Amino acid sequence: MVCENDILEIPEEYEKMSEEELDSEIERLYETMKGQNKGEIRKKVEKLPVKFFSLQ
Amino acid sequence: MYWIDAAHQVVVAEETESCSEAQITYSDSIYSKIQKYDNLVTLHSHPNSYPPSVNDLNSNFFNHYGLGIVVCHDGKIFKYASNQEIRIDYYKLVVEKHLRKGYNEYEAQIVTPQELVTKFDVMVEEVKADGV
């Protein structure tokens, strides 16, 4: 098996951000995504037709 | 990486000869095989033993996979699934936040998914010995 892309490179600009800038940007980006949260992840996983190695 | 039809417990496609050490390449052949299925289970390894990445989560979401499994070389197994896109820049900023708290890179990548599951429609869990 080969691994999927799990190498994370943090941009230098992020490392140079102040704590306030970092928190502010995290909050801003969170606001752009939170509306997508339908709270249905369990429903998605439980749709699998069979218990797969008891992983669900 | 393996794509598994959970209903029939059959491997429908596999890619074990990626040209990139760290990235799966979706060939036309792979796409033609997997697009017929819904709710596939994907299985791949993480040699550096990191938990599922933001790219793993987004791949699960965009490709409508049912469940993802990551097998780490340190013996850990993670299951994951996503019902929304997670912005990669957001993920990296959160990792940076944890690095500044004093976590090392591995610890930051363990803690970040744990935080994501509290805020977004995603699941990342380690599979314990009893399968729970």
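Given the structure is predicted, the values throughout are model-derived calculations rather than measurements.

(A) The arrangement of the environment of Gln114(B) in detail. Tracing the backbone shows Gln114(B) in helix 4 (residues 105-119). Here the alpha-carbon distance between Gln114(B) and Glu125(B), two residues eleven residues apart in the chain, equals 8.3 Å.

(B) Summary view of the confidence of the model for chain A. Residues and elements named next belong to chain A. Averaged over chain A, the pLDDT score is 80; the fraction of residues at 70 or greater is 73%. Taken element by element, the predicted model of chain A shows its lowest mean pLDDT in helix 3 (residues 41-46) (83) and its highest in helix 2 (residues 19-33) (96). Here residues 1-5 is a poorly scored stretch, pLDDT under 50, and it has 27 contacts once near neighbours within four places are set aside; other chains count.

(C) Quick look at the nonpolar core. All names here are of chain B. Formed by 28 residues in total, the largest nonpolar core has its most connected members in Leu 40, Val 41, Tyr 80, Ile 86, Tyr 91, Val 122 and Val 124. Among the secondary structure elements, those contributing two or more residues to this core are strand 1 (2-5), helix 2 (54-62), strand 4 (67-72), strand 5 (77-82), helix 3 (88-100), helix 4 and strand 6 (122-127). Take this core: its biggest share by element is five residues, from helix 3.

(D) How the structure looks around the packing of helix 2 of chain A against helix 3 of chain B. It is the contact of helix 2 of chain A with helix 3 of chain B, at a shortest axis distance of 10 Å, that shows an interaxial angle of 145°. Where helix 2 of chain A crosses over helix 3 of chain B, the handedness of that crossing is left-handed. Mapping the contact onto sequence places Leu22(A), Glu25(A), Ile26(A), Leu29(A), Tyr30(A) and Met33(A) in helix 2 of chain A and Asp89(B), Tyr90(B), Leu93(B), Val94(B), Glu96(B) and Lys97(B) in helix 3 of chain B. Classifying every residue of the contact of helix 2 of chain A with helix 3 of chain B gives eight nonpolar, no polar and four charged.

(E) How the structure looks around helix 2 of chain B. All names here are of chain B. Among the residues making up helix 2, those that are buried are Val 54, Asp 56, Leu 57, Ser 59 and Asn 60. The elements touched by buried residues of helix 2 are strand 4, strand 5, helix 3 and strand 6. Directly beyond the C-terminal end of helix 2, a positive phi value near 60° is found at His 64.

Calculation criteria
- Residues numbered from 1 in each chain as written.
- Chains lettered and ligands numbered in written order.
- Predicted model: local features only at pLDDT ≥ 70, side-chain atom pairs only at ≥ 80, totals over all residues.
- Helix = DSSP H or I, 4+ residues; strand = E, 2+ residues; numbered from the N terminus.
- pLDDT = per-residue confidence, 0-100.
- Contact = placed C-beta atoms within 7 Å.
- Core = buried A, V, L, I, M, F, W, Y, C linked by C-beta atoms within 7 Å.
- Buried ≥ 20, exposed ≤ 12 C-beta atoms within 10 Å, placed from the backbone.
- Axes fitted to C-alpha atoms, helices over the stretch in contact; angles between N-to-C directions.
- Left-handed = near helix turned anticlockwise from the far one by under 90°.
- Nonpolar A, V, L, I, M, F, W, Y, C, P; charged D, E, K, R; others polar.

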